[in-house]
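A structural walkthrough
Here is what each chain is made of, one letter per residue.
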Amino acid sequence: MTMIAACGLDCAQCESYKATQANDLLLLEAVAEKWSVEFSTPGLTAELIRCDGCMSPGLKMSHCAECKMRLCALERGLANCAACPDYACTELVGFLQAVPQAKANLEALRQG
């Protein structure tokens, strides 16, 4: 199963999404601790990273709830940035340079 976020990330592959869907508090705590170090974001907690997927109506990680790409897609009524007539905007380009898999996911959607 894939669940492509506005930016092209696959939410179904995200550690936070998987732990949230499994209702595994210990795993969420471990992911929060790992990401606090990995992304130099001290203070992440299991509660802050609970997520039902970027474009779902449910829980959002604090970062995803504020994501400019997600908010733009929602405002435009798009499933993700691949469907945007302004693809790829400056906001998206910078992100895709850092996350090539997200770019590949969006490009595949645009082609097909």
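Residues numbered from 1 in each chain as written. Predicted model: local features only at pLDDT ≥ 70, side-chain atom pairs only at ≥ 80, totals over all residues. Heavy atoms only, no water.

So, helix α5 (residues 68–76)
- Among the residues of α5, those classed as buried are Met69, Arg70 and Ala73. The buried residues of α5 occupy an angular sector of 100° when projected down its axis, which confines them to one face. Every exposed residue of α5 that faces more than 90 degrees away from the buried side is listed here: Lys68 and Glu75.
- Residues of α5 that are buried make contact with α4 (62–66) and α6 (90–98).
- Immediately downstream of α5, the backbone of Gly77 shows phi near 75°, a positive value. (Buried < 20%, exposed > 50% of the residue type's maximum accessible area, 1.4 Å probe, protein only. Helix = DSSP H or I, 4+ residues; strand = E, 2+ residues; numbered from the N terminus. Arc of directions from axis to C-beta. Contact = heavy atoms within 4.5 Å.)

Concerning the nonpolar core
- Counting residues in hydrophobic clusters, the biggest one holds 18 residues, and the most contacted among them are Met69, Cys81, Leu92, Leu96 and Leu106.
- For this core, the elements supplying multiple residues, two or more each, are α5, α6 and α7 (100–111).
- Those residues in contact with Cys81 that sit more than four places away from it in its chain are Ala6, Cys7, Met69, Tyr87, Leu92 and Leu106.
- Membership of the second largest hydrophobic core comes to ten residues, among which are Val31, Ala32, Trp35 and Ile49. (Core = buried A, V, L, I, M, F, W, Y, C linked by side-chain atoms within 4.5 Å.)

Topic: the environment of Ser56
- Considering the arrangement of structural elements, one finds Ser56 in the loop between α3 (46–49) and α4.
- The exposure class assigned to Ser56 is buried, which follows from its relative accessible area of 17%.
- When the C-alpha positions of Ser56 and Ala5 are compared, they lie 9.3 Å apart, and in sequence the two are 51 residues distant.
- There is a polar contact of 3.1 Å between the side chain of Ser56 and the backbone oxygen of Asp52. (Polar contact = N/O pair within 3.5 Å; in protein donor to acceptor, adjacent residues only side chain to side chain.)

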